[in-house]
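# Summary of the model geometry
Single-letter residue listing:
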Amino acid sequence: MKLIRFGAPGREKPGIELETGKRIDVSAFGKDYTEDFFAENGLEDLKNWLSENKDNCPEIDLQERLGAPVKRPSKLVCIGLNYAKHAEESGMEVPSEPVIFFKASSAIVGPNDDLIIPKGSQKTDWEVELGVVIGKKASYVSEEEAIDYVAGYVLHNDYSEREFQLERLGQWVKGKSCDTFAPLGPFLATKDEIPNPHNLDLWLKLNGEIKQQSNTSDFVFNIPQVISYVSQFMSLLPGDIISTGTPFGVGMGLNPQRYLKPGDVVELGIEGLGTSKQVAKAYKE
């Protein structure tokens, strides 16, 4: 299945995108895509419900705004420097174990919402990433069983303000958590839709020009390794998202460096997970 949420910000409803591209409203199912939905076997219940009710679901206009396909997860955990060439362009060593940082869940927006360049920002950057959505509580999980904890996958643009992240005292989270810095979607593809998440092409364009183009086969640490590792330090809850890192081609790594300015258009996509598009806008008081 491909899970979507649609409607005005803060008032989204649950939906499904069918194989034909048609979108349907599944509000009558009675549950949004929350932590409880994933924890309480919601995916299987929804699948069964659709087998009897799909034809009665209202169609969603394709022009309707999409929100993030998961409603306010408890955590958005990110893995840094998880592609060797990105570590190189960042001037950092390839890590010997996964680098973990967080993005505030308040940064999450819909896939095509505007990017708001933060107040005082000079170095807002882009990062196309594969997000892994957790399906059940994971604590001290082994690598062998880690994939059993995956509900699905989602496209994520890990926007970053490099001055806030790297030149100001404190952790990376400051440069990662600004409002609108985590567009997710267009949809959550359930695990069965993506048989091999370690062989997916991913790309990002700035104003129509390719800046990032790679494949998840280039991970330093694969998805089972990352899930297992993170779960040694914290419980991952249903609906939580692990963003698996970005390939080379970010603005910080270019020569000369290139950062986003108002009017820039960022488009990105991952094989099997659709595309998204953000227009950069200046922060306004």
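Along every chain, residues carry numbers that run from 1 in the direction the sequence is written. With the structure being a predicted model, the display of local features is reserved for residues of pLDDT at least 70 and the display and counting of side-chain atom pairs for 80 or more, all residues being used for whole-chain, interface and lining totals. Side-chain figures throughout are based on the complete set of non-hydrogen atoms in the structure, without hydrogens or water.

### A word on the nonpolar core
- Membership of the largest hydrophobic core comes to 73 residues, with the highest contact counts inside it found for Ile 16, Val 26, Leu 46, Ile 227 and Ile 242.
- Residues count as neighbours in contact if any of their non-hydrogen atoms are within 4.5 Å of one another. Every residue in contact with Ile 16, bar those within four places of it in the chain, is listed here: Met 1, Lys 2, Leu 3, Ile 4, Lys 22, Arg 23, Ile 24, Val 26, Tyr 33, Leu 46 and Leu 50. Residues belong to a common nonpolar core when they are buried Ala, Val, Leu, Ile, Met, Phe, Trp, Tyr or Cys residues joined through side-chain atoms within 4.5 Å. Here's how the labels work: a residue is buried when its accessible area is under 20% of the maximum for its type, exposed when over 50%, partly exposed in between, all with a 1.4 Å probe on protein chains only.

### Brief notes about helix α6 (residues 223–231)
- Under the scheme used here, helices are H or I runs from DSSP no shorter than 4 residues and strands are E runs no shorter than 2 residues, and both carry numbers assigned from the N terminus. Taking burial as the measure, the nine residues of α6 include eight buried ones, the bulk of the element.
- Residues of α6 that are buried: Ile 223, Pro 224, Val 226, Ile 227, Ser 228, Tyr 229, Val 230 and Ser 231.

### Comments concerning the pattern of salt bridges
- Salt bridge criterion: a side-chain nitrogen from Lys or Arg within 4 Å of a carboxyl oxygen from Asp or Glu. Across all of its chains, the model carries 17 salt bridges by this definition.
- The partner of Asp 114 in a salt bridge is Lys 281, with the nearest N and O atoms 2.8 Å apart. Placement of Asp 114 in the loop between β8 (108–109) and β9 (115–117) and of Lys 281 in strand β20 (residues 275–282) is noted, with a sequence separation of 167 residues between them.
- Given the relative accessible area of 30%, Asp 114 is considered partly exposed.
- Note that Lys 211 is salt-bridged to Glu 209, the shortest N-O span being 3.4 Å.
- Among the ionic contacts, a cluster of salt bridges with common partners joins Lys 103, Asp 125, Glu 127, Asp 158, Arg 162 and Lys 176.

### What to know about a negative patch on the surface
- Residues qualify for a patch when their relative accessible area is over 30% and they have no salt bridge, like charges being joined within 9 Å and the nonpolar side chains of Val, Leu, Ile, Met, Phe, Trp and Tyr within 5 Å. Residue-level accessible areas treat just the shown protein chains as cover; the underlying method is Shrake-Rupley with a 1.4 Å probe. Positive charge is attributed to Lys and Arg, negative charge to Asp and Glu, and no charge count is given to His or to the chain ends. All charge positions are set by atom: Lys at NZ, Arg at CZ, Asp at CG, Glu at CD. Among the surface-exposed residues, Glu 143, Glu 144, Glu 145 and Asp 148 lie close enough to one another that they form a single negatively charged patch.
- Note that Glu 143 resides in the loop between β11 (128–134) and β12 (150–157).
- We classify Glu 143 as partly exposed; its relative accessible area is 41%.

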